[in-house]
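Fold and geometry: a report
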Amino acid sequence: ETPQATRDKLDAMEADVLTRLLSENAEASDAFEVSAGYAAFDMRRVSIFPLSAGYGRGVAVAPDGARTYMQMGTGGVGAAFGIGGFESQFVIMFETPVDFDRFVTDGYDASADAGAMRGDETTSTEVQFTEGRSFFVLDRTGWRVNANANGTKYWQDEDLN
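Residues numbered from 1 in each chain as written. Predicted model: local features only at pLDDT ≥ 70, side-chain atom pairs only at ≥ 80, totals over all residues. Heavy atoms only, no water.

**Quick look at the packing of aromatic side chains**
Note the threshold: Here a pair means two rings of Phe, Tyr or Trp (six-membered ring of Trp) with centres within 6.5 Å. Their orientation is stacked below 30 degrees between planes, edge-to-face above 60, and tilted elsewhere.
All told, the structure shown has eight aromatic pairs when counted by the stated rule. An aromatic cluster of three or more residues is present, and its members are Phe41, Phe90, Phe94, Phe100, Phe103 and Tyr154.

**Section: the pattern of salt bridges**
Rule in force here: Think of a salt bridge as a Lys or Arg side-chain nitrogen and an Asp or Glu carboxyl oxygen that are within 4 Å of each other. Strands are runs of DSSP state E lasting at least two residues, helices are runs of H or I lasting at least four, and both sets are numbered from the N terminus onward.
Counted by the stated rule, this structure contains six salt bridges. In this structure, the salt-bridge partner of glutamate 14 is arginine 67, at a minimum N-O distance of 3.0 Å. Of the two residues, glutamate 14 is situated in helix H1 (residues 3–24) and arginine 67 in strand S3 (residues 67–77); the sequence distance between them amounts to 53 residues. The shortest N-O distance in the salt bridge between glutamate 24 and arginine 20 comes to 2.9 Å. Placement of the pair is glutamate 24 and arginine 20 together in helix H1, with a separation of four residues, close to one helical turn.

**Some remarks on the nonpolar core**
To keep things clear, this is the line we draw: Residues grouped as a nonpolar core are buried Ala, Val, Leu, Ile, Met, Phe, Trp, Tyr and Cys residues, joined through side-chain atoms within 4.5 Å. Burial classes follow relative accessibility: with a 1.4 Å probe on protein chains only, a residue under 20% of its type's maximum area counts as buried, one over 50% as exposed, and anything between as partly exposed. Here, residues are in contact when the closest pair of their heavy atoms is within 4.5 Å.
Membership of the largest hydrophobic core comes to 17 residues, with the highest contact counts inside it found for Phe41, Ala60, Phe90, Ile92, Phe103 and Tyr154. Elements that contribute at least two residues to this core include exactly strand S1 (38–48), S3, strand S4 (83–94), helix H3 (97–106) and strand S6 (133–139). In this structure, phenylalanine 103 is in contact with Ala39, Phe41, Ala60, Met70, Ile92, Phe94, Tyr108 and Tyr154, ignoring residues within four places of it in sequence. Counting residues in each nonpolar core, the second largest holds 16 residues, with Leu10, Leu21, Ala40 and Phe136 among its members.

And the structure:
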């Protein structure tokens, strides 16, 4: 595919994922209202017990609509038995312009993060950001706040920007 065709696919994925997230998840809508940009990703993951690896592409969108195309990779020890693969989509919302700019400029390495991305003492009306980010992952049962992002690295896609 040409770079423009890839950008067009990523833009369509971003629009679909964001529309679905905001219509299905009130907490995400609240976070979106106060966020300083977001990124939407489409990811593929393969597990061969006990290892798992994944890769994906996405687009980070600034409040002014500027787009930065990104890649991501993940790896680690999997908890699932056997061999399998799956696709998922997720959205990262950023609390401040500095958080967004740091993600776009420097990427983000979550390999050092541990624990939950969301505190245990939240209410349904509270928008929760941890370290300037809030992760929403689409799984088979719907949208959920991601428990962790360990072993994931994000960086700009040089071929698309």
